[in-house]
Amino acid sequence: SEFSTAMILKLNEGAIHRTSLQRDAYEKMDFREYRTLLRVDEGSSGDLTYPKTLSSPNLVKKIEEYRADPAKGLEYEVEYWKRLALSLTPLVFGVLGVGLGIVKNRSEKSYAVFVAFGVVVLYWGLQVVGQTFAEKGWMTPFLALQLSNLAAVPFAILSFKKSSWEPGPLKALVAA
């Protein structure tokens, strides 16, 4: 016995566009309200899976499944390495934030905000470029999706080293 779930999708104020190549016709239907039945057959063997919807262990299984044909498994590998790269992002930006956040005067703070904004834009841009390189097969997914982290880490380390913080009470603990 198969189970199915259904729901009604209600759309307001829209249009439906249809093209029929057999009749060489184009139709447009405007509506105030349109209802359609959406049915999901649970347990059916024709389930579609997308890399973004899979858990990490299932992504690894899919990557292993397509080991013989890497072109078919590329999208799963890209998603896996993208998740890993993005999981390192808080660590990179945490170090960057410590370095840029501990400044004494106002002019240094405005400079720090400008640098932080620039690094975020650079990081996001390199993430998009890296994903494109990986999807097109121009670079291995691991390296392509680490481009953003590899570019941001030097900024984070430099800002951390150049920060003008004074350890205060910690200095006494270290000296003891």
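Above this text you will find the structure in question.
Residues numbered from 1 in each chain as written. Predicted model: local features only at pLDDT ≥ 70, side-chain atom pairs only at ≥ 80, totals over all residues. Heavy atoms only, no water.

As for the nonpolar core
Thinking step 1. With nine residues, the main nonpolar core is built from Val92, Leu96, Leu100, Ala112, Val115, Val119, Tyr123, Ala152 and Ala156.
Thinking step 2. Listing elements by their share of this core, those giving two or more residues are α2 (70–101), α3 (106–136) and α4 (141–162).
Thinking step 3. In terms of residues, this core owes the most to one element, α3, which gives four residues.
Thinking step 4. Core analysis: the second largest hydrophobic core is formed by five residues, Ala85, Ala134, Ala144 and Leu145 among them. (Core = buried A, V, L, I, M, F, W, Y, C linked by side-chain atoms within 4.5 Å. Buried < 20%, exposed > 50% of the residue type's maximum accessible area, 1.4 Å probe, protein only. Helix = DSSP H or I, 4+ residues; strand = E, 2+ residues; numbered from the N terminus.)

Overview of the pattern of salt bridges
Thinking step 1. One pass over the full model with this rule turns up six salt bridges.
Thinking step 2. Residue Lys10 pairs with Glu33 through a salt bridge whose shortest N-O separation is 3.7 Å. Remark: Glu33 occurs in strand β2 (residues 25–42) and Lys10 occurs in strand β1 (residues 3–20); sequence separation between them is 23 residues.
Thinking step 3. Residue Lys10 is classed as partly exposed on the basis of its relative accessible area, which comes to 44%.
Thinking step 4. Between Lys28 and Asp30 there is a salt bridge whose closest N-O contact spans 3.5 Å. Of the two residues, Lys28 and Asp30, both sit in the exposed class.
Thinking step 5. One salt-bridge network, held together by shared partners, links Lys10, Glu33 and Arg35. (Salt bridge = Lys/Arg side-chain N within 4 Å of Asp/Glu carboxyl O.)

Points about the packing of aromatic side chains
Thinking step 1. Inspection of every chain in the model, using the stated rule, returns six aromatic pairs.
Thinking step 2. With a centroid separation of 4.9 Å and an interplanar angle of 75°, the aromatic rings of Trp81 and Phe142 are classed as edge-to-face. Taken together, the residues Trp81 in helix α2 and Phe142 in helix α4 connect sequence positions 61 residues apart.
Thinking step 3. Taken together, a centroid distance of 5.5 Å and an interplanar angle of 55° make the contact between Phe133 and Trp138 tilted. (Phe/Tyr/Trp six-rings, centres within 6.5 Å; stacked < 30°, edge-to-face > 60°.)

What to know about the environment of Leu84
Thinking step 1. Tracing the sequence through the fold places Leu84 in helix α2.
Thinking step 2. Taking the C-alpha atoms as reference points, Leu84 and Gln146, 62 residues apart in sequence, are found 8.8 Å from one another.

Section: the packing of helix α1 (residues 56–65) against α2
Thinking step 1. Put simply, α1 and α2 touch, their axes get as near as 9 Å, and they point 140° apart. The interaxial crossing formed by α1 with α2 has left-handed handedness. Contacts from Ser56, Leu59, Val60, Lys62 and Ile63 of α1 reach α2 at Tyr76, Glu77, Glu79, Tyr80 and Arg83.
Thinking step 2. Class assignment of the residues belonging to the contact of α1 with α2 gives a composition of five nonpolar, one polar and four charged. (Axes fitted to C-alpha atoms, helices over the stretch in contact; angles between N-to-C directions. Left-handed = near helix turned anticlockwise from the far one by under 90°. Contact = heavy atoms within 4.5 Å. Nonpolar A, V, L, I, M, F, W, Y, C, P; charged D, E, K, R; others polar.)

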